[in-house]
Structure formats: C-alpha cells, structure tokens
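Survey of secondary and tertiary structure
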Amino acid sequence: AITSVTGRRVLDSRGNPTVEVDVVLSDGSLGRAAVPSGASTGAREAVELRDGDPARWHGKGVDRAVGHVNTELTEAVLGRDAEDQAGLDAALVAADGTASKSRLGANAILGVSLAAAKAAAAAHRLPLYRYLGGSDARLLPVPMMNIVNGGAHADNPLDFQEFMIAPIGAETFAEAVRMGSEVFHTLRRDLLAAGHSTGVGDEGGFAPSLRTAEEALDFVVAAVERTGYRPGTDIGLVMDPATSEFFRDGVYDYAGEGVRRTPAEHADYLVKLIDAYPVVSVEDAMAEDDLDGWRELTARVGDRCQLTGDDVFCTNDALLREGIASGVANSILVKVNQIGTLTEAMTTVSTAHRAGYTVVMSHRSGETEDTTIADLAVATGCGQIKTGSLSRSDRTAKYNQLIRIEEELGTSARYAGTEALRAR
Ligand code: PGA
Ligand code: ZN
C-alpha cells in the first residue's frame, strides 16, 4: 500500500520548474517521476497548472501543483494498492473533478500516476517495461530523431518544427542509435561548411537559419547519403510541421518563408514533399482545427505515408475515436502528459491498435532526466518513439535507457524496423 507521496519542484530542460513526485510503499519501494512540458501544445490537452505569478519564474511556477500533490492528491491515494493502477488513476481524476484536470493540474496528477506505477514495479523487482507489458514486452521502437529544429522550438525562420531521421533499416536499437549519431555529426559538419550555426534547439537538433522545408530536407538527405546510408531504405525521413502553430483564420501562414497557403495549397505542398523526398511519416500535417484538411490528406496519401495525429488527438481516447470514425490520420502520437494519467494513455494506445492505427510514444519539448517513456514504448510494443536528437542529456537519456532494455532482453529483443510504420 502507498504510505507516502511527496511532490517537489525540479527544473526541466528549458530551466523552467516542473513537478516531480516520489511515491513510497509499505515495503519501502520507491517510485519517482518527473513531468514534462510542451511548447506547441494542443488546445484540447489536459491542463498543466502554472502559478501565473509574474514575479516568480516568469509566471511558470508550479507551487500550486506541487501543493496539490502534497495535500489533496496524497489524501486520494494514501493506503491504496499501487498495483491497482486503474483504481488509483480513477481516484486521482475524481479528486480533481474537472474534465480537463484544470483544478489540481494534469502535471500534479500525472506525477502521482507515473510514480505509483514505478513504485509498484519496484515492489515486484521488475523493470517498468516488464511490469506493465509482461513477457510480451520485447519490441524495441524505431527512434524518430529530431536533428533539425524550427517552429516553436528554435529562433530560426523555419516554419516546420521538426525534421527527423528514423533508422528503419537497422538490425537493433543500438545500431539505430549509432546510425543516427553518425548522421547527426555529418550534418553538423555540413552545416558548418555552409556557414550555418550549429547551435541546437529545444530538442537537441540543429537550428540553422534556413527558410524552407526543402532546404532542411536537402541538408538531411545529403547527410544521410554522405554518412553511407540509403535514404528511405536505411533511414526514413520524418517531419512534424506542427501546423496548429501557424494555421490562422483558415490559412496556413508560413511566416518564415513569407508565404500563405490555403488548406488545399498546403496539402499540395506536403504531398509534393512526400513524393520528392524519402518521407515515411508526417505528424500534425494539418492543424487541429482543420479536420476537413486532415480527412482529405489522409484519403490522398494515407496509404503510402504514416500520418500521425498529435495536437488533433491530444492522447485523448474520445478525440481519437472521433478521428478514427471520420478518417483522420492513420497513426497517433502518445504523450502521457497530454491526458494526465497512465491508465488513460494506455486506453488510448489500445484504441489505436484495435483500429489499425500505429502509435508513436513521445517526449515533450520540455523534458527531464526521467526515462519513463522509453519503458512505455517497450511495454506497449508500439514500435516507435519520438524523443529528440542525438544531443542534450534530456533526449539521450531515453535512448540510453532503451539501449539498457535491449541489452537486458538479450536474444529475445526484437527491433521494430520498417514494419513498425505499417498499420497492424
Ligand atoms: P511540444 O512539441 O512538446 O512543444 O508540444 C512536441 C510536438 O509537437 O510533437
Ligand atoms: Zn507534434
């Protein structure tokens, strides 16, 4: 049973405060979880509670959320069986009482939810992926490595937020990391040679002063080739344009490029990129409020490109179900803090898998050293993870945890590879 819950304020990778929670069980088992934070958040995400006091932390304080962990949420779970994750999460949701988790804060609630799961795993002396996923949990995900940052994650003019490489042709996860690192360093040299900055953005990818997606994609393809890999076969390209950030008044406003595209023009442009480059997956290709655009693009290229919904679904089972019923996307990004409890995130994963949608486990742009999502990717067998670039310890911590898991699984480990991007 849970004997103590402690919330505290720690720093995230952007130097902002975030919530960390310790849950201790009667046998002394400890579970600890730190909560991540997004910058390009979906409008229908569970609410991250910030203090809003401009005199402290520029308004981003989490003292109220931490306070809720240490009072109301502690009361809700004290004495509970940590193994009953569904019951525990229901108690957390009930204590908050709002649909959006805005009263106590999804950041407060998620910290308790994940820390309890980790404490229960510790009590069983099992790694989290095994505790949650059982003996079937042996599929290592294809990493989508974000090596060029733009949009809300960098100060450059790039309108698209993320340009990623996915080593689909690797034999093992460890090899996928090697391939990604090699390309990352080739890209660094290429950017330097072309006179660009090699400073990195929030997710550890380079943030050169490029204007168009084509320029970024050209650099990435060249780096893949010059490192000795075949674009599209060994390494696929993935984009997250995070279009909800620049969809205004019914128009996609590419401010960096200085072009405005109607939804139809924007879709044509994306299809052109998908056809011209070895793009295997596009996330948030259309904006969260452009469901017609989503449906049209899915009908047009959904059979040859993974189309992943992030802001449009917000890891929310009800939103996903609506999307499935109306032909929006064929894949979902899962960010546990978008919904606020482990149980709800797992329900969303099950719904996606039942519908033949692929699932990409994901970090946020504001992260910590917490590696829970690495275990969740293996526990769910989802086959794909998005956790940033090959630099910054907040990003590499997840890759390193997956390297350890692969080692621990030994000969039973399987690397998801190209198959992971195909609907099940
Ligand atoms: P965020 O970005 O964590 O800043 O929301 C990540 C994403 O859009 O996938
Ligand atoms: Zn996204």
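In this text the structure is predicted, and so the values were computed from the model without any measurement.

Parameters and conventions
Residues numbered from 1 in each chain as written. Chains lettered and ligands numbered in written order. Predicted model: local features only at pLDDT ≥ 70, side-chain atom pairs only at ≥ 80, totals over all residues. Heavy atoms only, no water. Donors = N, O, S within 2.8 Å, 3.2 Å for Na, K, Ca; no water. Helix = DSSP H or I, 4+ residues; strand = E, 2+ residues; numbered from the N terminus. Buried < 20%, exposed > 50% of the residue type's maximum accessible area, 1.4 Å probe, protein only. Salt bridge = Lys/Arg side-chain N within 4 Å of Asp/Glu carboxyl O. UniProt positions renumbered as here; feature names shortened; annotations may be inferred. 1 Å grid on protein atoms, 1.4 Å probe; cavity = no way out; pocket = protein on both sides within 12 Å on 5 of 7 lines; lining within 4 Å. Contact = heavy atoms within 4.5 Å. Polar contact = N/O pair within 3.5 Å; in protein donor to acceptor, adjacent residues only side chain to side chain. Pairing = 2+ DSSP bridges. Axes fitted to C-alpha atoms, helices over the stretch in contact; angles between N-to-C directions. Phe/Tyr/Trp six-rings, centres within 6.5 Å; stacked < 30°, edge-to-face > 60°. Lys NZ or Arg CZ within 6 Å of the ring centre and 35° of its normal.

1. Thoughts on the coordination of the zinc ion (ligand 2)
At the metal site, the zinc ion (ligand 2) is ligated by Asp240 (OD), Glu283 (OE) and Asp310 (OD), and these contacts range over 2.0 to 2.2 Å. Within one chain, the residues serving as donors to the zinc ion (ligand 2) are arranged as D-x42-E-x26-D. Here the residue aspartate 240 occupies a position in strand 7 (residues 236-240), and aspartate 310 occupies one in the loop between strand 12 (306-309) and helix 9 (317-326), the gap between them amounting to 70 residues. Each member of the pair, aspartate 240 as well as aspartate 310, is classed as buried.

2. Description of the pattern of salt bridges
For the coordinates displayed, the defined rule picks out 34 salt bridges. Between aspartate 253 and arginine 260 there is a salt bridge; the shortest N-O distance is 3.8 Å. Taking relative accessible area as the criterion, aspartate 253 reaches 18% and is therefore assigned buried. Given the relative accessible area of 54%, arginine 260 is considered exposed. Linked through salt bridges whose partners overlap, the residues forming this network are Arg8, Glu20, Asp22 and Arg32.

3. Re the UniProt feature "active site" (unreviewed entry) in the protein chain
The positions that UniProt labels "active site" (unreviewed entry) are, in the present scheme, Glu203 and Lys335. Lining of the second largest cavity among the annotated residues: Glu203 and Lys335. Look past the residues within four positions of glutamate 203 in its chain and what remains in contact with it is Asn146, Asn149, His153, Glu162, His363, Arg364, Ser365, Gly388, Ser389, Arg392 and Arg395. At a separation of 2.8 Å, a polar atom in the side chain of glutamate 203 contacts the side chain of asparagine 146. Relative to the assigned elements, lysine 335 resides in the loop between strand 13 (331-334) and helix 10 (336-339). Once residues lying within four places of it in the same chain are set aside, the contact partners of lysine 335 are Asp310, Thr315, Ser362, His363 and Arg364. Side chain to side chain, lysine 335 and aspartate 310 meet in a polar contact 2.7 Å long.

4. Things to note about the sheet that holds strand 15 (residues 384-386)
Consider a sheet: its strands pair through backbone hydrogen bonds, and that pairing is either parallel or antiparallel. With respect to topology, eight strands assemble into a closed barrel ordered 5-6-7-11-12-13-14-15, the strand pairing being mixed. For this sheet, the mean inter-axis angle between neighbouring strands, taken without regard to orientation, is 30°. Note that strand 5 (residues 142-149) and strand 6 (residues 162-166) share four bridges and pair antiparallel. In the strand pairing of strand 6, asparagine 146 is matched with methionine 164.

5. A look at the packing of aromatic side chains
The full count for this structure, using the stated rule, is 10 aromatic pairs. Plain terms: the ring middles of phenylalanine 173 and tyrosine 399 are 6.4 Å apart, the flat faces sit at 35° to each other, and that makes the pair tilted. Within this pair, whereas phenylalanine 173 is found in helix 5 (residues 173-193), its partner tyrosine 399 is found in helix 13 (residues 393-409), the two being separated by 226 residues in sequence. Both residues of the pair, phenylalanine 173 and tyrosine 399, count as buried. When the ring of phenylalanine 247 is compared with that of tyrosine 252, the centres are 4.5 Å apart and the planes differ by 40°; the resulting orientation is tilted. Given the relative accessible area of 18%, phenylalanine 247 is considered buried. Put simply, the rings of Phe160, Phe163, Phe246, Phe247, Tyr252, Tyr254 and Tyr269 touch in pairs and so form one group of aromatic residues. The ring centre of tyrosine 254 lies 4.2 Å from the NZ or CZ of arginine 261, which sits over that ring. The ring of tyrosine 269 carries arginine 261 above its face, with NZ or CZ at 3.9 Å from the centroid.

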